[in-house]
Amino acid sequence: MTRTPLRDAAEIPRYAIPEAAVYLRVKAGTLATWVRGRKSAVGQASPLIVRPVPGDSRLSYSNLIEGYVIHVLRQQMKLSLVEIRKGIEYVEKEFGIQRFLLSDQLRVRLGNLLVEQEGRYYNVGRSGGQIEIPEAVEAYLKRIEYRNGFPEGLYPVTRPGHPEGPRRIVILPDVGFGKPVTEKRHIAAAVIASRFGAGESVSELAEDYELEAEDIEEAIRTESTPLAA
């Protein structure tokens, strides 16, 4: 089978906002704000996530990764959207790193957004340019896998508050059209969840697909309603 080059596959529009929100465990309205920007007392805030095709409302795989990182920075690292935007702009200007939220040079510690350059860490969130001692809180970001510095896989968090949870479901840009699949055998999570919803048991599905029961349970969780704000 010929696979689409990773970066090309990552930019194909494919996710409606409500669908991406389920995978990210955020409310659809919250994700929409990151995509469309938001009006405030000082004017219109620019989007943090730019869709690949103007006029197409769907998000790409790269957008999904960006949304995941924003969610981590907002909920786990307590950074505001203003601080995230400031960090992105600073990195683009000072280091020439485009789409910083996709970069494997992004590091975090509680309350800070860092960029790694030649073994040194720079705070680009609250105090742009200050060097910080790297005490990274990276459990969530470690669920993103990189190839040659570019995201090639996302293991979605299916249990809120437990980033160390099972890595049995993965979202790949060039497999299953970017939908969640089992890490083993690449069975679509949506198909498993649909069959479970139709009355088939976890054990029956595990036997049918030659998977473990936990693989089936994680697939069902992946397709469930988001719980986070």
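Thresholds, definitions, all that
- Residues numbered from 1 in each chain as written.
- Predicted model: local features only at pLDDT ≥ 70, side-chain atom pairs only at ≥ 80, totals over all residues.
- Heavy atoms only, no water.
- Buried < 20%, exposed > 50% of the residue type's maximum accessible area, 1.4 Å probe, protein only.
- Helix = DSSP H or I, 4+ residues; strand = E, 2+ residues; numbered from the N terminus.
- Arc of directions from axis to C-beta.
- Contact = heavy atoms within 4.5 Å.
- Phe/Tyr/Trp six-rings, centres within 6.5 Å; stacked < 30°, edge-to-face > 60°.
- Lys NZ or Arg CZ within 6 Å of the ring centre and 35° of its normal.

Caption draft 1: Representation of helix 6 (residues 189–197) in the model. Among all positions of helix 6, only Ala189, Ile192 and Ala193 are buried. One side of helix 6 carries all its buried residues, which in axial view fall inside an arc of 95 degrees. As for helix 6, its buried residues are in contact with strand 10 (181–182), helix 7 (202–209) and helix 8 (213–222). Of the residues trailing helix 6, glycine 199 is marked for its positive phi of about 115 degrees.

Caption draft 2: Examining the packing of aromatic side chains more closely. Applying the stated criterion to the full structure yields one aromatic pair. Note on tyrosine 15 and tyrosine 23: the rings are 6.2 Å apart at their centroids and 85 degrees apart in plane angle, and the pair reads as edge-to-face. Exposure class is identical for tyrosine 15 and tyrosine 23. Each is buried. The ring of phenylalanine 177 is capped by arginine 14, whose NZ or CZ atom sits 4.7 Å from the centre of that ring. Between arginine 167 and the ring centre of tyrosine 155, over which it is positioned, the NZ or CZ distance is 4.2 Å.

Caption draft 3: Region of the structure containing the environment of tyrosine 155. Tracing the chain through its elements places tyrosine 155 in the loop between strand 8 (150–154) and strand 9 (169–170). For tyrosine 155, a relative accessible area of 7% translates into the label buried. Separated by 10 residues in the primary sequence, tyrosine 155 and glutamate 145 place their C-alpha atoms 8.3 Å from one another. Those residues within four positions of tyrosine 155 in sequence are excluded, and the remaining contacts are Arg143, Glu145, Arg167, Ile169, Val170 and Glu183.

Caption draft 4: Inspection of the environment of proline 166 at higher detail. Residue position: proline 166 is located in the loop between strand 8 and strand 9. Residues proline 166 and glutamate 218 lie 52 residues apart in sequence; the distance between their C-alpha atoms is 7.9 Å. Residues in contact with proline 166, not counting those within four places in the same chain, are Arg143, Arg159, Glu214 and Glu218.

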